[in-house]
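These are the residues of each chain, in order.
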Amino acid sequence: MSGTPIDSLTWLVGLPFHSDGSRIVWLYYLVGEAPDSAGAVCEALLRANSGPERNARGQVPVEPDHAEIRRIRRHVLGDVVLEAC
């Protein structure tokens, strides 16, 4: 059962990076109030490229070309849906 979606400007953005040479690790960021998916990716990249984040992953860069973006929608009945973008 799902009702009408409630508009929200919250996004879940996944950014991959290669750890230990070949293992892919995904970092996920909740981004609120971005006007669109491109803005959400830009905000997630700013966070991923901050000093503490880069230090935590050993200065390995994230791969923005492979970002996974989902819009978080909440339905009237409370169901949460991750909508592909």
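Since the structure is predicted, the reported quantities are computational estimates derived from the model, not experimental observations.

(A) Spatial organisation of the overall build of the protein. Looking only at helices and strands, the protein features two helices and four strands. Along the chain direction, N to C, the helices and strands of the protein fall in the order β-β-α-α-β-β. Overall, the protein is about 45 × 25 × 20 Å in size when its C-alpha atoms are taken along their principal axes. When each of the 85 residues of the protein is scored for burial, the buried share is 29%.

(B) The arrangement of the nonpolar core in detail. If you look at the biggest cluster of nonpolar residues, it comprises 16 residues, and the most contacted ones within it are Trp 11, Val 13, Leu 15, Tyr 29, Val 31 and Val 62. At the level of elements, strand E1 (5-19), strand E2 (23-32) and helix H1 (37-48) are the ones that each hand at least two residues to this core. Examining the composition of this core, we find that five residues originate from one element, H1, more than from any other.

(C) Molecular detail of the pattern of salt bridges. Tallying each qualifying case throughout the model produces three salt bridges. When the shortest N-O distance is used, the salt bridge between Arg 47 and Glu 43 registers 3.2 Å. Residue Arg 47 and its partner Glu 43 are both found in helix H1; the two are separated by four residues, about one turn of the helix. Since its relative accessible area comes to 32%, Arg 47 is described here as partly exposed. When its relative accessible area of 31% is taken as the criterion, Glu 43 is described as partly exposed.

(D) Quick peek at the environment of Tyr 28. Structurally, Tyr 28 is set in strand E2. Judged by its relative accessible area of 43%, Tyr 28 falls in the partly exposed class. Residues Tyr 28 and Leu 12 lie 16 residues apart in sequence; the distance between their C-alpha atoms is 6.7 Å. Among residues more than four places away in sequence, those in contact with Tyr 28 are Leu 12, Val 13, Gly 14 and Glu 68. A polar side-chain atom of Tyr 28 sits 3.4 Å from a polar atom in the side chain of Glu 68.

The rules behind these values
- Residues numbered from 1 in each chain as written.
- Predicted model: local features only at pLDDT ≥ 70, side-chain atom pairs only at ≥ 80, totals over all residues.
- Heavy atoms only, no water.
- Helix = DSSP H or I, 4+ residues; strand = E, 2+ residues; numbered from the N terminus.
- Buried < 20%, exposed > 50% of the residue type's maximum accessible area, 1.4 Å probe, protein only.
- Core = buried A, V, L, I, M, F, W, Y, C linked by side-chain atoms within 4.5 Å.
- Salt bridge = Lys/Arg side-chain N within 4 Å of Asp/Glu carboxyl O.
- Contact = heavy atoms within 4.5 Å.
- Polar contact = N/O pair within 3.5 Å; in protein donor to acceptor, adjacent residues only side chain to side chain.

Functional significance is not addressed by these values, which are geometric in nature.
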